[in-house]
Amino acid sequence: MTTVDIGVFIPIGNNGWLISTTSPQYMPSFELNKQVVQKAESYGFDFALSMIKLRGFGGKSEFWDHNLESFTLMSALAAVTSKIKLFASAAILTLPPPIVARMASTIDSVAPGRFGVNIVTGWQSAEYAQMGLWPGDEYFGYRYDYATEYVQVMKDLWEDGVSNFKGKHFQMEDCKLSPRPKGGVKVIAAGQSGRGVEFASQYADYNFTLGAGINTPTAYAQATSRLVEAVAQTGRDVGSYVLFTIIADETDEAAQAKWKLYNDGVDADALAWMKSQSSKDTKADTNATATKLGLPEGAVNLNMGTLIGSYENVARMLDEVAGVPGTKGIMLVFDDFLKGIDAFGQKIQPLMKSRQGKT
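Calculation criteria
- Note that residues are indexed from 1 along each chain, following the sequence as it is written.
- Local features in a predicted model are, by the rule used here, given only for residues with pLDDT of at least 70; side-chain atom pairs are given and counted only at 80 or more, and totals for whole chains, interfaces and linings are based on all residues.
- Note: side-chain values were computed over all heavy atoms of the structure, leaving out hydrogens and water.
- All axes here are fitted lines through C-alpha atoms, helices being fitted over the stretch that makes contact, and every angle between N-to-C directions spans 0 to 180 degrees.
- Counting from the N terminus, the helices are the DSSP runs of H or I reaching at least four residues and the strands are the DSSP runs of E reaching at least two.
- Roughly parallel means an angle under 35 degrees; roughly antiparallel, over 145; roughly perpendicular, 65 to 115; everything else is oblique.
- For any pair of crossing helices, the crossing counts as left-handed if the nearer helix is rotated counterclockwise from the farther one by less than a right angle, and right-handed if it is rotated clockwise.
- Contacts were defined at the residue level, with two residues in contact if any of their heavy atoms lie within 4.5 Å.
- Ten residues, namely Ala, Val, Leu, Ile, Met, Phe, Trp, Tyr, Cys and Pro, are considered nonpolar, four, namely Asp, Glu, Lys and Arg, are considered charged, and the remaining ones, Gly among them, are considered polar.
- Here the expected length of a helix is defined as 1.5 Å per residue gap, with one fewer gap than residues.
- We call a residue buried when its accessible area falls under 20% of the maximum for its residue type, exposed when it is over 50%, and partly exposed in between, using a 1.4 Å probe and counting protein chains only.
- An arc is given here, and it is the one of the directions from the helix axis to the C-beta atoms.
- We treat two strands as partners when DSSP finds at least two bridges between them.

### What to know about the packing of helix α5 (residues 139-160) against helix α6 (residues 194-203)
Next, step 1: Where α5 meets α6, the closest approach of the two axes is 10 Å, and the angle between their N-to-C directions is 15 degrees. Here α5 is positioned roughly parallel relative to α6, judged by the angle of their axes. Note on packing geometry: the crossing formed by α5 with α6 is right-handed. Contact residues: Y144, D145, A147, T148, V151, Q152 and K155 in α5; R195, G196, F199 and Y203 in α6.
Next, step 2: Looking at side-chain class alone, the contact of α5 with α6 contains five nonpolar, three polar and three charged residues.

As structure tokens, then:
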């Protein structure tokens, strides 16, 4: 059985990933995320990733209206962990690449070899327009060209300590970085469109992929196969980190009851806001993240793949995920993170064939 990394997509925004008034309601804090990541580390999780979200969806649940900042949070978590890898997300329209490169180098000094950067090109224009940073909707058409130059500048600085890159979007003039990261900085790319996968195959170490459907663990395989085809052309070692929501309990019936409860309380106003934002990229292909977010059938958790059932059945489905070619890791979110991570570590992971020898 293929072994697979396990990670946690930590709750940096209020209420995690359930757009509902009947799901667990909580605010983000350092203390909550410290407990989440330390528990994950104790159960042998390989990585933790935090998103960056600069404006929420509103509604009765105030979904994602309350968010921490990714780099400063991960820097703090780096100081209270010892083994788990940590990824912060960079909203590339908000920070120059030399600044992000230096922040990454600083966190590497706290956690040598354990830090990486997730590249966020941006799909919700309101996040950036509120600060006067949105370049216009034409950005949707060139955002991966922008990201390509962005990452190249960072790689120049991390590898050589200097960049003289000259491109359309960035021009460096003897730009310096010291100290450089000693452990190397891994890059995650979140794009799932054709251009996004191409970018990941050329510049990332991992491609952040959404799982698909409810209790259909291999339904995302087409997305990963496109990455496999792309890296065959570039000759680079790039794999998928695929995201799933876990709703687990002692029995299938108990897990399904929780899922029904959360759907019964879906926040329609917050969903309407999300739909209005995700539809602004009129040229997005059917595989794009923004397109998938706006689909109605699984909107309560942003249409990510969801595994619902008994601990035994969830473990079986996760093993099926691990068997999809090109999959290097599974990133998990939970309805209740502290209880969910304990349940995973104690009752699900021990049953997974794909985690034997990893913990």
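Next, the rest of the story.
### Looking at helix α1 (residues 30-42)
Next, step 1: Taking 1.5 Å of rise per residue, the 13 residues of α1 would be expected to cover 18 Å, and the 18 Å separating its terminal C-alpha atoms lies within 8% of that figure.
Next, step 2: Among the residues of α1, those classed as buried are L32, N33, V36, V37, A40 and E41. Along the axis of α1, the buried positions cluster into a sector of 160 degrees, meaning they face one direction only.
Next, step 3: Once α1 ends, the next one or two residues include G44, with phi positive near 85 degrees.

### Re the environment of V231
Next, step 1: Within the fold, V231 resides in helix α7 (residues 221-234).
Next, step 2: Sequence-wise, V231 and S310 are 79 residues apart; in three dimensions their C-alpha atoms are separated by 36 Å.
Next, step 3: Ignoring sequence-local partners within four residues, the contact set of V231 consists of S201, R236 and V238.

### Concerning the pairing of strand β10 (residues 305-310)
Next, step 1: Within β10, six of the six residues are buried, which leaves the element mostly enclosed by the surrounding structure.
Next, step 2: Inspection of the sheet shows strand β9 (residues 239-249) paired to β10 by six bridges, in the parallel sense. Among the inter-strand pairings, I247 is bridged to a residue of β10, identified as I308.

Structural measurements only, silent on function.
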